[in-house]
Amino acid sequence: MSVPVLVLAVSAACCLGFGFVLQQNAAQRAPLKDFLSFRLLFDLVKVPRWLGGIALMVVGMALGAAALGQGELSLVEPLLATNLLFALALSRRQTRQPLGRQGWAGLLLLAGGVTAFIVAGEPQGGTATTDPLRQWMIIGGMIGLALLFTAHAKRSRLGSGPVLLALAAGLLYGVQDALTRVSGQRFSEGGFAELFTGWQPYAVLALGITGLLLVQSAFETASLRKSLPALTAAQPLAGIICGVGFLGDRLRADVVALSWEAGGLLAVVAGIVLLGLHPAMPTGTAERAPVGRLQPQPQ
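What this report covers is the structure whose coordinates are included nearby. Just so you know, these numbers come straight off a predicted model, no measurement behind them.

Broken down by element type, the chain carries 11 helices and zero strands. Across the chain, helices and strands are ordered from the amino to the carboxyl terminus as α-α-α-α-α-α-α-α-α-α-α. For the chain, the proportion of its 299 residues judged to be buried stands at 52%. Residue pairs at least 24 apart in sequence account for 87% of intrachain contacts in the chain once pairs closer than 6 positions are excluded. Surface exposure of the chain reaches about 13,400 Å², of which carbon and sulfur atoms provide 68%. Distance from the positive charge centre (21 side chains) to the negative charge centre (14 side chains) of the chain: 15 Å.

Structure below.
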């Protein structure tokens, strides 16, 4: 593993984790009538804490893009999943909850799972597929599944809705990461002229805005315990599928390696769930604004 890729990916995870906590702190006070509406973003843009969270997320995405420019998607995505560790660290500072057995178990499962997947799989770059049908089938499948989750979430916004929205956003962010890597490759080959003549950078922007709306709607209607684990688990899985599916990433495919890779991913998901359900994660019990304005945040 390249040390610069490791540093960039973990730094990106740190910014993303801190940013998600600040965003949810603000979004939980948004009026429910803004659910899945761009009015939600217009309201939140007036809240300094939310803007700070978005700034951290933008920095994290930039660092993640830099990591993707130097490493394979199948390598970077599991490292980005460690953002939950940093989210928990900030949440613990806010709630003053000890880490406890659950926290340590989740930490070990997440870190151990990421390590097992990377060591066993030995992700390597390869030649991206030239078959557009295969690429569009994978991207279309991810987006279609995200739309299905969103449609069901609209009917159960205070029940399973937040989890479904977080899953949908994670799928879109995984595709966004894949297309970010493609955009970086186009830029390195031909500069801005080559970059902006392709559809990928525009898709990256559209997926980013849509994913942001889904995430903030999930944060608005549920605590981090309910929304962040689903988001954190779905993104790397979608990214790895895209990386192997059409970007040419190669993983070891012998029986032993595949067993460790599958076990590593299962451990990552289990660790994410344990950390996401940790008592340190904010419960989001603040009262909501009954009309179209956010309530002032305590200093």
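Moving on from the coordinates now.
A covalent bond bridging the sulfur atoms of two cysteines is what the word disulfide describes. With the rule as written, the count across this model stands at zero disulfides. Cys14 carries a free sulfur, and the closest cysteine sulfur to it, the one in Cys15, is 5.5 Å from it. Residue classification places Cys15 among the buried positions, given a relative accessible area of 14%.

Before going further, it helps to examine the pattern of salt bridges. Inspection of the entire model under this criterion finds five salt bridges. Here Asp249 makes a salt bridge to Arg181, at a shortest N to O gap of 2.7 Å. With Asp249 in the loop between α10 (224-246) and α11 (255-276) and Arg181 in helix α8 (residues 161-196), the pair connects residues that are 68 residues apart, well separated along the chain. The class of Arg181 is buried, set by a relative accessible area of 8%. For Arg252, the salt bridge identified is with Asp254, shortest N-O distance 3.3 Å.

The rules behind each value
Counting restarts for each chain: residues are numbered from 1 in the order of the written sequence. Note on the predicted model: pLDDT of at least 70 is required for a residue's local features to be given, and 80 or more for side-chain atom pairs to be given and counted; whole-chain, interface and lining totals, by contrast, use all residues. Note that the side-chain values use all heavy atoms of the structure and ignore hydrogens as well as water. A run of H or I in DSSP becomes a helix once it reaches four residues, and a run of E becomes a strand once it reaches two; helices and strands are each numbered from the N terminus. Between buried and exposed lies partly exposed: a residue is buried under 20% and exposed over 50% of the maximum accessible area for its type, with that area taken using a 1.4 Å probe on protein chains only. We call two residues in contact whenever any of their non-hydrogen atoms come within 4.5 Å of each other. The method behind every accessible area is Shrake-Rupley, applied with a 1.4 Å probe, and residues are considered shielded solely by the protein chains displayed. All tallies of charge rest on Lys and Arg as positive and Asp and Glu as negative; His and the ends of each chain are not included. Every charge is mapped to an atom, namely NZ of Lys, CZ of Arg, CG of Asp or CD of Glu. Disulfides are defined in this document as cysteine sulfur pairs within 2.5 Å. Criterion for a salt bridge: a side-chain nitrogen of Lys or Arg within 4 Å of a carboxyl oxygen of Asp or Glu.

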